[in-house]
Amino acid sequence: MSEQEKVVRLSQRPAKRKRRGGGSGGDDIEGRLRDVEASIVAIETQLPHLATKEDLQKLKVWWLCGILAGMVAAAGIAASIASVAVRIFPPS
């Protein structure tokens, strides 16, 4: 058989036979659809409690501002301790 004879065009493919049983869950389409709908309802009930992209952006800004404020406060405390230490222990 030549290479050109081995090629089968899509329009020439034989029709697939329907399989019975198989791994698709059988013919209980309505039951499977009910299960999917129940899963979607469960997910949708949790959606209002989940963070959105905007919420995460706001949280990131708060964290960055908090870190910067903490660094400024730490520098202020260190400067005040240093000034007190210079008064107590004057350089010779």
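Everything that follows concerns the structure shown earlier in this document.
Here's what I pulled together on the structure shown here. (Residues numbered from 1 in each chain as written. Predicted model: local features only at pLDDT ≥ 70, side-chain atom pairs only at ≥ 80, totals over all residues. Heavy atoms only, no water.)

1. Description of the overall build of the protein chain
How we decide: Each helix is a run of H or I in the DSSP string that is no shorter than four residues. Each strand is a run of E no shorter than two, and both are numbered from the N terminus. For every accessible area listed, the method is Shrake-Rupley and the probe measures 1.4 Å; residues are considered covered only by the protein chains on display.
Across its full length, the protein chain holds three helices and zero strands. Put simply, the protein chain runs from its N terminus to its C terminus through helices and strands in the order α-α-α. For the protein chain, the accessible surface area stands at approximately 9,400 Å², while carbon and sulfur atoms represent 63% of it.

2. Points about a nonpolar patch on the surface
Note the threshold: Each patch is built from salt-bridge-free residues with over 30% relative accessible area, joining like charges within 9 Å and nonpolar side chains (Val, Leu, Ile, Met, Phe, Trp, Tyr) within 5 Å. The salt bridge definition used is simple: a Lys or Arg side-chain nitrogen within 4 Å of an Asp or Glu carboxyl oxygen.
Taken together, the side chains of Leu56, Leu59, Trp63, Ile67, Leu68 and Met71 present a nonpolar region at the surface, about 680 Å² in accessible area. Relative to the assigned elements, leucine 56 resides in helix α3 (residues 53-88).

3. Observations regarding the pattern of salt bridges
Under the criterion given, the structure shown has one salt bridge. Two residues, glutamate 54 and lysine 58, come together in a salt bridge whose shortest N-O distance is 3.4 Å. With glutamate 54 and lysine 58 both in helix α3 and four residues apart, the pair spans about one turn of that helix.

4. Structural notes on a negative patch on the surface
Where we set the bar: Here Asp and Glu are counted as negative and Lys and Arg as positive; His is not counted, and neither are the chain ends. Here the site of a charge means NZ on Lys, CZ on Arg, CG on Asp, or CD on Glu. Only protein chains enter the accessibility calculation, which uses a 1.4 Å probe; a residue whose area is less than 20% of its type maximum is buried, one above 50% is exposed, and one in between is partly exposed.
A contiguous patch of negative charge, built from Asp27, Asp28, Glu30 and Asp35, is present on the exposed surface. Structurally, aspartate 28 can be placed in the loop between α1 (3-6) and α2 (29-46). Accessibility expressed as a relative area gives 46% for aspartate 28, which makes it partly exposed.

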